[in-house]
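Topology and contacts: notes
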Amino acid sequence: MEKIKNAIKTGRQIGRMLIAEEKPDSPEIEKWREENSEADALLDDIATPEGLGRRLTGFRSRDGRDGYRTFRDNIARRRRRRILRVGAVAAAAACIVAAGIFVAWRLGDGAELNLQPGSAYAYLVGGDGQTIDLGAPLSIDSGNTRIVNDPSGSIRYETDGAEAAEEVANILVVPRRGEYSITLSDGTEVWLNSESRLSYPVAFTGSVRRVVLEGEAYFEVAHGSRPFIVSVAGMEVEVLGTSFNVMSYATDDIRQVTLAEGSVRVRAGDGEAILAPGQQASFDRNDSSLRVDDVNAELYTAWKNGEFIFNNEDLETVLNKLSRWFDVEFDIRSDAIRSLVFTGSLKRYTTLNEICDILSRSNSVDFIFADNKVVVREK
Amino acid sequence: MAVESRNKPNDTSAGMARWESLFNVHYRELCYFAERLVGDDAAAEDIVQELFVSLYEKNIAPEHMDSVRPYLYRATRNRCVDYQRQHQLKKNKYSELPTNISEDYILAAIAETEAVALISEAIDSLPTECGKVMTLFMKGFNGAEIAEQLSLSPSTVRAQKRRGISLLRDKLPPLVFILFFETFM
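Residues numbered from 1 in each chain as written. Chains lettered and ligands numbered in written order. Predicted model: local features only at pLDDT ≥ 70, side-chain atom pairs only at ≥ 80, totals over all residues. Heavy atoms only, no water.

The subject of this paragraph is the overall build of chain A. Along its length, chain A carries 10 helices and 24 strands. Across the 379 residues that make up chain A, the buried fraction comes to 45%. Looking at chain A alone, contacts between residues at least 24 apart form 48% of all its contacts between residues at least 6 apart. Carbon together with sulfur atoms contributes 48% to the accessible area of chain A, which is approximately 18500 Å² in total. (Helix = DSSP H or I, 4+ residues; strand = E, 2+ residues; numbered from the N terminus. Buried < 20%, exposed > 50% of the residue type's maximum accessible area, 1.4 Å probe, protein only. Contact = heavy atoms within 4.5 Å. Areas by Shrake-Rupley, 256 points an atom, 1.4 Å probe, with all protein chains shown as cover.)

As structure tokens, then:
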């Protein structure tokens, strides 16, 4: 160990001498040259620009943060493997299930088809643009704000109530196959569905509480003196304390707000509507029309409780939702299929084969699992 | 020696933060050192990752900076020697390559790693954007590629490069400076 410590000391001295433009020839280094048969080769080469440049480039090609990310993946994988091992010991049947899960995981890694449903997953984009993977516990304490993450699917912001000088925006990004919930600094809870992002201030300042949503989210807004505003492309929802679902995917023409409790005001285009519980506002981007319908709000908020519930929903809409949750592409082979309707409930946390099985039994469609997509054909 | 100790459970956020800082402080150095011994960059990274995973699973986190580095060097060396032995066994079916890494070679590799790490730190002390530009230049990207990667205008990249070179002129010896100058201007 002493020899290693000595080598470290010598190396640092060589580095300092090179920075100070001295030849590496101090008494200590001369002594080291005598002791170590490899010293000459190193010192002669590292003192040339090419030799040092090559070494620096090699050294700086890696990053401790990347290493740490890989490390976390490695320990997560080992944990999963351990679970599988226990299952294999328990019973032969469990072994087969475990192998199936493992195969599905492997599939999920590549461009191949995902049969497994989505799960709690998200990442955070900080005010400085840095991204933080929320797959690991996170705890940030910055004086008057605390951010704590529970990797099982939620993140919480807390503030001591002191007014922040400036608004720092964070963005919670939930990719396809993910879902996540967040408690904002005012106590408002938001559940984000797959392929969604919410931009919000770390602590609210000013006269309104404003967040920006892309995708789908269910809000339980905490009561407060300042109005809470959800902005989506082309529409705004203003509330004072209530629960509602907003769906606004960039790829859809319709933006939809469904009220579960309380009261909200929706502004879109030139229109404005105040919703009562059980009402839904739909804004169509094509003709900028805003209409209000009486609906069963439960249908639109069921995803948050682990279910898909559909009532006379056209199959294309159903498949769109599945596509985000499983991150698979459905290749619909005929237009007639798109307008087939489906009524029923599906569990979110089941495999894609099971769901397709149910859909094909109640509709005249067949699902064929191809390499990287699911082909939908008429029976 | 105070290096190995039982710690708070790893699955707390404080526990994970400690592992993250260990990576920030030692990862590049250990990979560089391992690559010197096994001559393969991917194998070097695997060896260092396996070392950290095995420490993690035993819930041993090296605590004190000064004594940690020698300990990690020794543990990495042991794994590299094992790796060489296994690979040599395979190779030796076909050829008679010598397999031994001498102690002097290992110690020189440690000294080299520390020297390079120290100089790299000087570069890291440059202002953020300037450091990013200089790092990419060092990796062999040209001005246009850097402008695109960092979403900067080519004129900003040129200005940052000039600034970086002049700051390094103060911090680093002409030897290193000449290297940057020749490579990047």
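This paragraph deals with the sheet that holds strand β21 (residues 329-332) of chain A. All names here are of chain A. Pairing within the open sheet is mixed, and its 3 strands lie in the order β21-β24-β23. Pairing within the sheet leaves two strands with one partner each, and these edge strands are β21 and β23 (365-369). Strand-to-strand twist in this sheet, taken as the mean axis angle between neighbours without regard to direction, amounts to 25°. The strands touched by helix α10 (residues 352-362) within the sheet are β21, β23 and β24 (373-378), with β23 carrying the most contacts at an inclination of about 160°. (Pairing = 2+ DSSP bridges. Axes fitted to C-alpha atoms, helices over the stretch in contact; angles between N-to-C directions.)

Glancing now at the interface of chain B and chain A. Taken together, the 57 residues of chain B in the interface contact 50 residues of chain A. Taken over both partners, the interface formed by chain B and chain A buries close to 4900 Å², and the fraction arising from carbon and sulfur atoms is 70%. At the junction of chain B and chain A, the tally comes to 5 salt bridges. The salt bridge involving Lys3(A) is made with Glu103(B); its shortest N-O contact spans 3.4 Å. Counting the contacts that link chain B with chain A gives 12 residue pairs in polar contact (both at pLDDT 80 or more). At the level of secondary structure, the elements contributing two or more residues to the side of chain B that touches chain A comprise α1 (13-38), α2 (41-57), α3 (65-92), α4 (103-124), α5 (128-138) and α8 (174-184) of chain B. (Buried area = accessible area lost by both parts, 1.4 Å probe. Salt bridge = Lys/Arg side-chain N within 4 Å of Asp/Glu carboxyl O. Polar contact = N/O pair within 3.5 Å; in protein donor to acceptor, adjacent residues only side chain to side chain.)

By the element assignment, Glu112(B) lies in helix α4. Separated by 2.8 Å, the side chains of Glu112(B) and Arg36(B) make a polar contact. With residues near it in sequence (within four places) discarded, Glu112(B) still touches Leu42(A), Ile46(A), Arg55(A), Tyr32(B) and Arg36(B).

Take the environment of Arg291(A) next. Residues and elements named next belong to chain A. You can see Arg291 is positioned in strand β19 (residues 289-294). When its relative accessible area of 51% is taken as the criterion, Arg291 is described as exposed. Setting aside residues up to four positions removed in sequence, Arg291 forms contacts with Gln280, Ala281 and Ser282. Engagement of the side chain of Arg291 in a polar contact is seen with the side chain of Asp293, the distance being 3.0 Å.

Another aspect to go through is the side chain of Thr76(B). All names here are of chain B. Among the secondary structure elements, Thr76 is positioned in helix α3. You can call Thr76 buried: its relative accessible area is 0%. Not counting residues up to four positions away in its chain, the partners in contact with Thr76 are Leu30, Phe33, Ala34, Ile47, Val48 and Leu51.

Grouped together as the largest cluster of nonpolar side chains are 39 residues, with contacts concentrated most on Ile155(A), Leu172(A), Phe219(A) and Phe244(A). Sort the elements by how many residues they give to this core and strand β11 (residues 209-220) of chain A lands first, with 4 residues. Among the nonpolar cores identified, the runner-up in size contains 37 residues, and Val38(B), Phe52(B), Val68(B) and Tyr71(B) belong to it. (Core = buried A, V, L, I, M, F, W, Y, C linked by side-chain atoms within 4.5 Å.)

Enumeration according to the criterion identifies 21 aromatic pairs over all chains in this entry. Between the aromatic rings of Phe204(A) and Phe228(A), the centroid separation amounts to 6.2 Å while the plane-to-plane angle is 65°, which identifies the pairing as edge-to-face. Of this pair, Phe204(A) sits in the loop between β10 (196-201) and β11 while Phe228(A) sits in strand β12 (residues 228-232), and the two are 24 residues apart along the sequence. For Phe204(A), a relative accessible area of 6% puts it in the buried group. Measuring from centroid to centroid gives 5.0 Å for Phe33(B) and Tyr73(B), while their planes differ by 80°, and the two rings are edge-to-face. Separated by 40 residues along the polypeptide, Phe33(B) in helix α1 and Tyr73(B) in helix α3 bring together distant segments of the chain. Judged by relative accessible area, which is 0%, Phe33(B) ranks as buried. (Phe/Tyr/Trp six-rings, centres within 6.5 Å; stacked < 30°, edge-to-face > 60°.)

Right, let's talk about the environment of Asn286(A) for a bit. All names here are of chain A. Positionally, Asn286 belongs in the loop between β18 (279-284) and β19. On a C-alpha basis, the gap between Asn286 and Asp253 in space is 6.8 Å, while along the polypeptide they are 33 residues apart. Polar side-chain contacts of Asn286 include one of 3.3 Å to the side chain of Asp253.

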